[in-house]
Every structure is written in structure tokens, then in C-alpha cells.
Amino acid sequence: MDTFLQQFINGLSLGAIYALIALGYTMVYGVLRLINFAHGDVYMLGAFAGFYLANAFDMDANPSVLGTVGVTIGSMAICAIIGILIERLAYRPVRHHSRLTSLITAIGVSLLLEYGGQVVFGATPRFFPQMIRSQTYSVGNVQITNQSLMIIVVAVILMFGLEFIVHRTKIGKAMRAVSFNLPVARLMGINTDFVIAFTFALGSALAAVGGVLVALSIPRIDPLMGLMTGLKAFVAAVLGGIGNIPGAMLGGMLIGLMETWISATSYSTFRDAVAFSVLILILLFRPAGLLGTSVTEKV
Amino acid sequence: MARKLLLITATVAALAALNYIFEYGLGDFQINPYYARIINLIGINITLAVSLNLINGLAGQFSIGHAGFMAVGGYTAAYLTVNAGSSIAAAFGASVTDPIGASIVMVPSLLAGAAAAALAGLVVGIPSLRLKGDYLAIVTLGFSEIIRVIILNIPAVGGATGYTDAIPITNFFWIFSMAVLTIVITRNIAVSTFGRALFAIRSDEIAAEAMGINTTHNKVMAFVISAGLAGVAGGLSGQLFANPLSPQNLNFVRSIEVIVMIVLGGIGSITGAVLGATTLTILPEALRTFDQQFPGLRMVIYALLLILLMIFRPQGLLGRREFTWAWLRPIRKRPVLE
């Protein structure tokens, strides 16, 4: 029972990260019907932005919670700008071409960020400054570090924040309208270009938080860290039902739990295959995802 | 028929003669091993790009898991050579290490690689080809990652360190015979009933189905053939030099390299795929000194090329057209087509 609970907590904290990244995939897919392959790399850039900000303020020597919040917000702002730039420079010019063109462009942007990151940051892993000293709490026999607790809490707060933005604000209403039908939303006077840019900014900021949170608990960051995590987060989005925000959270948590459980068994080397097997199964048996509704194609 | 036979004999003879020059040189002339290596890589990449073009270009089904089939073919072919190669060669009175014996062993080795990869293609294709567009892309990527993880966990073929036992037996003759064979197969498919069905599916799947085309059957067939040819390319590249087979070399990035080749040449054009494969094998070599100074710059250039192509010329250099000799004539003298 204790090991089960321990794995459950570990899985939730991993899943919360997948969920934060999956939200960005699902929102962009919702408005543009585009798999933004580069999203996992925005998460990587979030970690690196946090790395440079933290070092600029010498956070390793004087750790503080307030400083960490500041670094995270700074990283969110940087990634939001990067997200807007990616959309403006790469995706907007191909928006009116076929979806395949957009997909190839997205793969290109992803490669550009990964290997551009290698050129700029260097390929060797960096050690993320310890902005918050690690502490371990024990509840019975279950160990929980303050970092994984923080990941879960911050992720839950951000998800509620996102729910608020999407369902209670004017821009959220506009996002839902664009997601429902882009041309009609434009006819109704919604500035669709602005809404799309805002969606990218929001998703990228969430990915940045994910990047900083992961770097705090696993302090090795490298330019290719976003590749696998990004793909798995995408799987999480599909599992929950792509375009569906609560679905992305659920999918992320499920993928995180499954991976943690597999890692604890003797099949731990198959860990990376889990997410993809889940993806294949879900697409075969319930392509709309767990919480999605299937749409029949009209001719 | 006689003309075809003559053409085949001439091609084989020309390739065999070139292979002789590659191995032994001609008089005082010895080919620079570095150039020989690049030429061989061009041949393998042509096979890969043209075979991927069959499913991505002709059938319009966007697969991004080509490296997975290449891995299956490569590992199977190399495994056969390692375990049965010497006895097969001995049956013909040769040894795996001499050129004749290597060429003999290449036949069953490549056939096994192709068969294994085609089988993998069938297993992957039947469920995933029910999906379309970006979903299909991501599922093929998922399958190739699963294949990679499985290989990582097979100690008999070296696991994560790569297949260090693999014997380098690939030669120029087999590389280019297979490249030519792949081009011929793809071209013949393109002009056959099967090819027309694939074009119809590419244009509009629902309309194709309404016209009585069994879309699933045709798509799976194209996928299996494409995977089998990728397996051949895997078998060739997996036995080209010492230890080229490792799960790290056959990941997502390898699949993307092949995608960039066909996208550059023009998705749906066979000559375009050849052009793309040739260009993108030579280009990184030309940039090699650059890449040593800034590791990763080669891939940055790939990525920028991909994005800029999509923005300014999404149909690639040739689009869906094929290069013909008529292009070399002055415009006024060209035969009127269509």
C-alpha cells in the first residue's frame, strides 16, 4: 500500500508536468487544428530562460521562494513572446496552405529550436541552480519532496486559472468561438489573429512553468529535453481528447501515473514505449479521446 | 521484351563495372574513400526517399516513421549475415569477407530485411491507416519509437550500444542496384492501376471510395511496399561500415531527414525524391567543417530549409512533376503534353 501511494504521488507530479504541456498542445489544436510540434521545445526554452534568469540574480547562493516566483514569471513572459514569434513568423505564413504544410513547418520549427538550442546553449547538460533547497516530508512511510508537492500545487492552480480565463473572460469566449469555427468567428468581428497569438502566448507560458518546475526537481537541462516530453504531452492531449482542456489535464495525469508504475516494475526500460502504445490504442478504439466528442465528417 | 532485357543487362553490367572501379580502382586511379562513402550514402538515401515517396507522395498518407522500418530491415539483415552469412558463403565456396562471398550473402540478407520490414509495415499499417493526416503522422512516429525501444531491449543485437557484430559487406553494386530497383518499382506503380487508385485516394479519399476503390487495401499495400523497400535501405546501410546500427542512429531525426529530402524534391515526384536525396546527402558533407565548429548547425540548416520551403515553395522544387529529358530541349521544340 505504501509503495502504491509513493508511486501515486510520484506519478501525479510527473503527470502534472505533462498536463501543463498538454494544455498548450490542446489549445493550439483547438484554434488552428495544428499539432504544434515545437511546443515541447518551448518547454525546454522555459527551463533555459529560468536557468539564465536565476544565474543572473545569483539564486543558487541565496535561494528564496519569492525569487523563484519572479524567475518563473520572467520565464513565462519570455516564452510567451517566443510563442507569439513562432506563430507570427512560421505558422501564420502557411496558415492558408494545406494542413500537411503546417505540420511540416511545425516539425521544422521544432528541429530549429532543438538544434538552434544546441548551437546557442551547447549540447552538454547544464545544472539548474537550486533556487529552493530540497526538503523531504514523510507521511507514514510515504516520502514527498517539497518540489513534487510544489509541482502538483502550482499545476492545479494554473489549471483553475486557465479554466477561469477560458470560461469567464471575454478573450476566453473569443478563443472558444475561434475554436468552434474560425471563419464565422471572424465574420462576427473577432480579431482571430489576435486570439491565435494570445493562445500561443498562453500555452507557451504554461509550458515555461512546466520547464522551470521540472528543472527545480531534476536539475539537469539540455536542448533536447523537450523532444520526448513534448511528444508524451501530446499523447496526453490526444488521450484526454484533443481540443478539450479538462481532457488534457486528465490525460497528462494518466500518462504520468502509467509511466511511473512501469518504471517501478522490471519493465522499466520500456518506459518510453508506454505513452506511444497508449496513443495507438486510444486512436484505434476511441479516436476522440476520453473526454472528447467524435465528429462525423460531412461530405 | 528483348529491349527490356537488354536494358537490364546493360544496367547490371554498368553497375558491376563501376563496382569493380570502386573496389580495385582503374589502372593508377583509385577512388577517394571519402567520396566513395558519400556516393554510397547517396544511393542508400535515394532508396529511402523514393520508398517514402511511395506512401507520402503517391498515396498522400503522411508517415513520419520511416526510420523504424529501416531499423527492422537493417537489424534483420545484419542478424542473418552474422549468424548464417559464413555458411551461406561457404556453400558457394567463398567467404563473407571477400567481395564475391559478400555479394552472394547480400541477396538472402536483403531479402530477409525487406520481408521483416514489410511484415512490420503490415502490422503497423493495418491499424494506423484507418487514421488520417496528422493523426496518422503521429501514430507512425509512435510505432517507430516503439520499434526503437524494443530493439534497445534485445541484448542479442547489442541493445543500446548498437549491433557491434554486424559485418560490413555492402558494396556499391548492391546499393545502386537497389536504388534503381526502387525507382523502377515506384515508377511502375505510379503508371499502373494500383498507382491510379493511390492518386485517387490522395486527391479525395471519400470520392475514391465512392468510385469503388478499396482505399484501405490500397493504402496498406502501398505502406507495406514502402516499408519493405525501407528495410532494404536499412539492410544496406546497416552493413555499410563497422557498427552503423544503433538505436540512436535510427530515431525520429533519421525519419525527419528522409522527410526533408522528399519535401525538398517535391512530394509526389520520384525524380524529385532522387534530387532531394542527392542534394541533402552532399549538403551536410559540404557543411561538415562548419558543423565541427558549431555542433548542431547542420540540423539548424535542415530546419530552416524546411520552414522556408514550406513558406515560399510548399510543393518542393519539382512539385508533382517528373524531370524528363524533354526539359533540356528549348521550350519551343518540346513535345506538346496533355
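Worth saying up front: this structure is predicted, and the values here are computed from it rather than measured. (Residues numbered from 1 in each chain as written. Chains lettered and ligands numbered in written order. Predicted model: local features only at pLDDT ≥ 70, side-chain atom pairs only at ≥ 80, totals over all residues.)

S.K.: Describe the overall build of chain B, and please don't skip the residues or the numbers.
M.R.: Assigned secondary structure in chain B consists of 13 helices and 0 strands. Shown N-terminal to C-terminal, the secondary structure of chain B runs as helices and strands in the order α-α-α-α-α-α-α-α-α-α-α-α-α. Going through the 338 residues of chain B one by one, you find that 49% of them count as buried. Across chain B, the fraction of contacts at a sequence separation of at least 24, relative to all contacts at a separation of at least 6, is 79%. (Helix = DSSP H or I, 4+ residues; strand = E, 2+ residues; numbered from the N terminus. Buried ≥ 20, exposed ≤ 12 C-beta atoms within 10 Å, placed from the backbone. Contact = placed C-beta atoms within 7 Å.)

S.K.: Can you lay out the overall build of chain A for me, pointing to particular residues and giving the numbers?
M.R.: Helices and strands together make up the secondary structure of chain A, namely 11 helices and 4 strands. What you see for chain A is a C-alpha radius of gyration of 19 Å, in line with the 19 Å of a compact globule of 299 residues. On the principal axes, the C-alpha backbone points of chain A span a range of 60 × 45 × 35 Å. The buried share among the 299 residues of chain A stands at 51%. (Rg over C-alpha atoms; globule rule 2.2 N^0.38 Å.)

S.K.: So, the nonpolar core: which residues are in play, and what are the values?
M.R.: For soluble globular proteins, nonpolar side chains are generally found buried alongside one another. Judged by nonpolar contacts, the single largest core of 205 residues is most densely connected at A19(A), C79(A) and V235(A). The element that contributes the greatest number of residues to this core is helix α1 (residues 2–32) of chain A, accounting for 16 residues. (Core = buried A, V, L, I, M, F, W, Y, C linked by C-beta atoms within 7 Å.)

S.K.: Account for α1(A), with residues named and values stated.
M.R.: Residue and element names in this part refer to chain A. For α1, which comprises 31 residues, the first-to-last C-alpha distance of 44 Å matches the rise-based estimate of 45 Å (1.5 Å per residue) to within 8%. In terms of burial, α1 is largely enclosed, as 23 of its 31 residues are buried. Downstream of α1 by a residue or two, R33 has a phi angle that is positive, lying close to 55°. (Expected span 1.5 Å × (residues − 1).)

S.K.: Give a detailed account of the packing of helix α2 (residues 39–56) of chain A against helix α3 (residues 65–94) of chain A, specifying residues and quantitative values.
M.R.: Residue and element names in this part refer to chain A. Running from N to C, α2 and α3 point in directions that differ by 135°, and their axes come no closer than 8 Å. Between α2 and α3, the angle is such that the two are oblique. By crossing handedness, the relation of α2 to α3 is classed as right-handed. On the side of α2, the interface is formed by V42, L45, G46, A49, G50, L53 and A54, while α3 contributes V71, T72, G74, S75, I78, C79, I82 and G83. The residue makeup of the contact of α2 with α3, split by class, is 9 nonpolar, 6 polar and no charged. (Axes fitted to C-alpha atoms, helices over the stretch in contact; angles between N-to-C directions. Parallel < 35°, antiparallel > 145°, perpendicular 65-115°, else oblique. Left-handed = near helix turned anticlockwise from the far one by under 90°. Nonpolar A, V, L, I, M, F, W, Y, C, P; charged D, E, K, R; others polar.)

S.K.: An account of the pairing of strand β3 (residues 142–145) of chain A is needed here, citing residue identities and associated values.
M.R.: Residues and elements named next belong to chain A. With 4 bridges connecting them, strand β2 (residues 136–139) and β3 associate as antiparallel partners. The residue bridging S138 from the neighbouring strand is Q143, located in β3. In textbook terms, the turn of a hairpin is the stretch between consecutive antiparallel strands, and for β2 and β3 this stretch comprises 2 residues, one of which, G140, has a positive phi near 65°. (Pairing = 2+ DSSP bridges.)

S.K.: Report on helix α9 (residues 225–240) of chain A, specifying residues and quantitative values.
M.R.: Working note: α-helix, 3.6 residues per turn, so residues spaced by three or four point in the same direction. Relative to the 22 Å expected for 16 residues at 1.5 Å per residue, α9(A) spans 23 Å between its end C-alpha atoms, a close match to the ideal helical length. Two residues or fewer after α9(A) comes G241(A), characterised by a positive phi angle close to 115°.

S.K.: Which residues make up the interface of chain A and chain B, and what values do they have?
M.R.: With 33 residues of chain A at the interface, the matching set in chain B holds 32 residues. Broken down by secondary-structure element, the contributors of at least two residues to the side of chain A that touches chain B are α3, α4 (99–121) and α11 (271–285) of chain A. Per element, the largest residue contribution to the side of chain A that touches chain B is 15 residues, and it comes from α4(A). Among the residues making up the side of chain A that touches chain B, the classes are represented as 23 nonpolar, 8 polar and 2 charged.

S.K.: Which residues make up the packing of α3(A) against helix α8 (residues 192–217) of chain A, and what values go with them?
M.R.: Residues and elements named next belong to chain A. The interhelical angle for the contact between α3 and α8, taken along N-to-C directions, is 140°, at an axis separation of 7 Å. By the angle between their directions, the pair α3 and α8 is classed as oblique. Crossing geometry of α3 relative to α8 is assigned as right-handed. Judged by residue contacts, V71, T72, S75, M76, C79, A80, I82, G83, I84, I86, E87 and R88 of α3 engage I196, A197, F200, A201, G203, S204, A205, A207, A208, V209, G211 and V212 from α8. Here the residues of the contact of α3 with α8 are counted per class, giving 16 nonpolar, 6 polar and 2 charged.

S.K.: Summarise unusual backbone geometry; cite the residues concerned and give the values.
M.R.: All names here are of chain A. Backbone geometry places R33, a non-glycine residue, at a positive phi of 55°. Relative to the helices and strands, R33 resides in the loop between α1 and α2. Judged by the 15 C-beta atoms lying within 10 Å of it, R33 falls in the partly exposed class. Of note in the backbone geometry, D58 takes a positive phi value of approximately 55° without being a glycine. With respect to the helices and strands, D58 occurs in the loop between α2 and α3.

S.K.: Could you give an account of the confidence of the model for chain B, with specific residues and numbers?
M.R.: Residues and elements named next belong to chain B. When pLDDT is averaged across chain B, the result is 87; 97% of the residues are at 70 or more. Per-element mean pLDDT across chain B ranges from 73 in helix α12 (residues 288–293) up to 94 in helix α9 (residues 215–237). The ipTM value of the predicted complex is 0.86, and its pTM value is 0.87. (pLDDT = per-residue confidence, 0-100.)

S.K.: Go over the environment of N188(B) with me, naming the residues and quoting the values.
M.R.: As for its position among the elements, N188(B) is in helix α6 (residues 172–190). Separated by 161 residues in the primary sequence, N188(B) and G27(B) place their C-alpha atoms 39 Å from one another.

S.K.: Give a description of the environment of G296(B) that names residues and reports values.
M.R.: By the element assignment, G296(B) lies in the loop between α12 and α13 (297–312). Residue classification places G296(B) among the buried positions, given that 21 C-beta atoms sit within 10 Å. For the pair formed by G296(B) and I146(B), sequence separation is 150 residues and the distance between their alpha carbons is 26 Å. Setting aside residues up to four positions removed in sequence, G296(B) forms contacts with Y115(A), Q118(A), V119(A) and A123(A).

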